[in-house]
Amino acid sequence: MRLPFFALTALALVLAAGAPARVARAAEPAPAIAFTFDDGLDPAAEPAAARWNAEILAALSRSGVKAMLFPAGRTGGTPGGLALTRAWGDSGHAIGNHTYSHRNLGSARMTVDEFGADVMRADSLFRVLPGFTPMLRFPYLKEGESAEKRDAFRAWMRAHGYRPAPVSVDASDWWYSTRWRELERAGRAADLPRLREAYVAHLWDRACYYDSLARAVLGRSPRHVLLLHTNAINAACVGDVIAHFRAHGWNVIAPAEAFADPLYASEPAAVPAGESIVWSHARVAGAKGLRYPAEDGEYEAPRLARLGL
Ligand SMILES: [Zn+2]
């Protein structure tokens, strides 16, 4: 596949990085990013669930940020989990749908009908909550392993009044959160500030990567959507992450504002479908040297090992 002409032009500008490109960028509005959190928490499965949920909501409130939660029924829709999910709506955040069972639409064993029924099972739990918005975040960001299934499920969503909720920035925060908990359990609290610093730097690095990829492939900086999860590291660090983006001149915006960007209504023709929507467009455009976005551990483990973390 060849890159379309507009992409090549934008790519040439980025690669040249000369004075004219810098002047053009200086006149552009600041990049913008919205924070979204997947999964939700079940206190019956995770003893720290209520604390993490409260800490994330408190940090968002202190930072003056409105975010969006995409709970799965099996975690954020259990009797205890539903109360934690409702707290997001009560705090003015939006609530979407991440299916009930958190299964993979990209698996050949999963049918469109079965997946649709799982979306509706979660819908019946979350639709009554304040802030509910009929938007679907695909588990694992997988949207189908064939063009037929991808298109059949896009038609299912239209018929059921659902919009997809893609992400532009995929950064595997869960991988850092696992390390965070390992250090906590090992009694290495003294090392946590360095892991915090590395985590914030990692999210910032991934956002800059996807922003430059978008500028090259789309010819502009879209309103970004960041994928995070309701987990230990975000309970401890999300306030610092927000502060870091702001300190570097980015605006942190509400998810509804970000999802209004036409990028999120676009339907890249990638197969298998899914992943970051910027990455999908880059793949369809034939961009070379793309790293698989969901494998951060492979890249981050050596980096943390060098830091003794
Ligand atoms: Zn998930």
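Anything mentioned here points back to the structure above.
Here goes a summary of the coordinates provided. If you're wondering where the values come from, they're calculated on a predicted model, not measured in any experiment. (Residues numbered from 1 in each chain as written. Predicted model: local features only at pLDDT ≥ 70, side-chain atom pairs only at ≥ 80, totals over all residues. Heavy atoms only, no water.)

A separate point is the overall build of the protein chain. For the protein chain, the count of helices and strands is 13 helices and eight strands. A buried classification covers 51% of the 309 residues belonging to the protein chain. Long-range contacts, defined here as pairs at least 24 residues apart, represent 81% of the contacts in the protein chain between residues at least 6 apart. Roughly 13400 Å² of accessible area belongs to the protein chain as shown, and the carbon and sulfur atoms make up 59% of that amount. (Helix = DSSP H or I, 4+ residues; strand = E, 2+ residues; numbered from the N terminus. Buried < 20%, exposed > 50% of the residue type's maximum accessible area, 1.4 Å probe, protein only. Contact = heavy atoms within 4.5 Å. Areas by Shrake-Rupley, 256 points an atom, 1.4 Å probe, with all protein chains shown as cover.)

Note that the residue after V271, namely P272, is joined by a cis bond; omega there is -10°. Its identity is not glycine, yet Y140 carries a phi of approximately 60°, on the positive side. Position of Y140 among the secondary structure elements: in the loop between β4 (132-136) and α7 (147-159). One non-glycine residue, S172, adopts positive backbone phi at about 50°. Along the chain, S172 turns up in the loop between β6 (169-170) and α8 (173-185). By relative accessible area, S172 is classed as buried at 3%.

Below, the discussion takes up the nonpolar core. The tendency in soluble globular proteins is for nonpolar side chains to be buried side by side. Grouped together as the largest cluster of nonpolar side chains are 85 residues, with contacts concentrated most on I33, F35, F37, W88, F153 and F245. Sorting elements by how many residues they give to this core places helix α9 (residues 192-217) first, with 12 residues. Not counting residues within four places of it along the chain, the set of residues in contact with F37 comprises I56, L60, A67, M68, L69, F70, W88, L228, H229, T230, N234 and V238. (Core = buried A, V, L, I, M, F, W, Y, C linked by side-chain atoms within 4.5 Å.)

Below, the discussion takes up the packing of helix α3 (residues 49-63) against helix α10 (residues 232-247). In the contact formed by α3 and α10, the axes pass within 7 Å of each other and the chain directions differ by 15°. Classified by the angle between their axes, α3 and α10 sit roughly parallel to one another. Of the two possible hands of crossing, α3 and α10 adopt the one that is right-handed. Where α3 approaches α10, its residues W52, E55, I56, A59, L60 and S63 are matched on the opposing element by A232, N234, A235, V238, G239, I242 and R246. Class assignment of the residues belonging to the contact of α3 with α10 gives a composition of eight nonpolar, three polar and two charged. (Axes fitted to C-alpha atoms, helices over the stretch in contact; angles between N-to-C directions. Parallel < 35°, antiparallel > 145°, perpendicular 65-115°, else oblique. Left-handed = near helix turned anticlockwise from the far one by under 90°. Nonpolar A, V, L, I, M, F, W, Y, C, P; charged D, E, K, R; others polar.)

With that settled, the discussion passes to the side chain of D42. Examined against the element boundaries, D42 turns out to sit in the loop between β1 (32-39) and α3. No salt bridge is formed by the buried D42, whose closest oppositely charged neighbour, R74, lies at an N-O distance of 9.0 Å. There is a polar contact of 3.0 Å between the side chain of D42 and the side chain of T78. (Lys, Arg positive; Asp, Glu negative; His and termini not counted. Salt bridge = Lys/Arg side-chain N within 4 Å of Asp/Glu carboxyl O. Polar contact = N/O pair within 3.5 Å; in protein donor to acceptor, adjacent residues only side chain to side chain.)

The calculated volume of the largest pocket comes to roughly 630 Å³. If you go around the largest pocket, you meet 29 residues; those closest to its centre are D39, H102, W174, H229 and N231. Contributions of two or more residues to the lining of the largest pocket are made by β1, α4 (73-76), α8 and β7 (224-229). Of all the elements, α8 adds the most residues to the lining of the largest pocket, at four residues. (1 Å grid on protein atoms, 1.4 Å probe; cavity = no way out; pocket = protein on both sides within 12 Å on 5 of 7 lines; lining within 4 Å. Points joined across faces, edges and corners; volume = space filled by probe spheres on them.)

This part takes up α10. Working note: α-helix, 3.6 residues per turn, so residues spaced by three or four point in the same direction. A rise of 1.5 Å per residue sets the reference length of α10, with its 16 residues, at 22 Å; its end C-alpha atoms lie 24 Å apart and thus fit the reference within 8%. Positive backbone phi, at 85°, marks G249, one or two positions downstream of α10. (Expected span 1.5 Å × (residues − 1).)

This next bit is on the packing of aromatic side chains. Per the stated rule, a full pass over the model turns up 13 aromatic pairs. Relative to Y210, the ring of Y209 lies with its centre 5.0 Å away and its plane at 75°, an arrangement referred to as edge-to-face. Given the relative accessible area of 0%, Y210 is considered buried. Aromatic side chains F245 and W250 sit 5.4 Å apart centroid to centroid with 65° between the ring planes, which places their arrangement in the edge-to-face category. Looking at F245, the relative accessible area reads 1%, which means it is buried. Site record: aromatic cluster; members linked through ring pairs are F35, W204, F245 and W250. Note that R121 overlies the ring of Y100, its terminal NZ or CZ placed 3.6 Å from the centroid. A cation over a ring is seen here: R137 above F70, with NZ or CZ 4.3 Å from the ring centre. (Phe/Tyr/Trp six-rings, centres within 6.5 Å; stacked < 30°, edge-to-face > 60°. Lys NZ or Arg CZ within 6 Å of the ring centre and 35° of its normal.)

Time to look at the coordination of the zinc ion. Donor atoms from the polypeptide that coordinate the zinc ion comprise D39 (OD), H98 (NE2) and H102 (NE2), at 2.0 to 2.2 Å from the metal. The sequence pattern describing where the donors of the zinc ion fall on their chain is D-x58-H-x3-H. With D39 in strand β1 and H102 in the loop between β3 (94-97) and α6 (112-126), this pair connects stretches of sequence that are 63 residues apart. (Donors = N, O, S within 2.8 Å, 3.2 Å for Na, K, Ca; no water.)

Among the structural elements, A152 can be located in helix α7. For the pair formed by A152 and T111, sequence separation is 41 residues and the distance between their alpha carbons is 10.0 Å.

So far we have only geometry, and geometry alone does not tell us how the molecule works.
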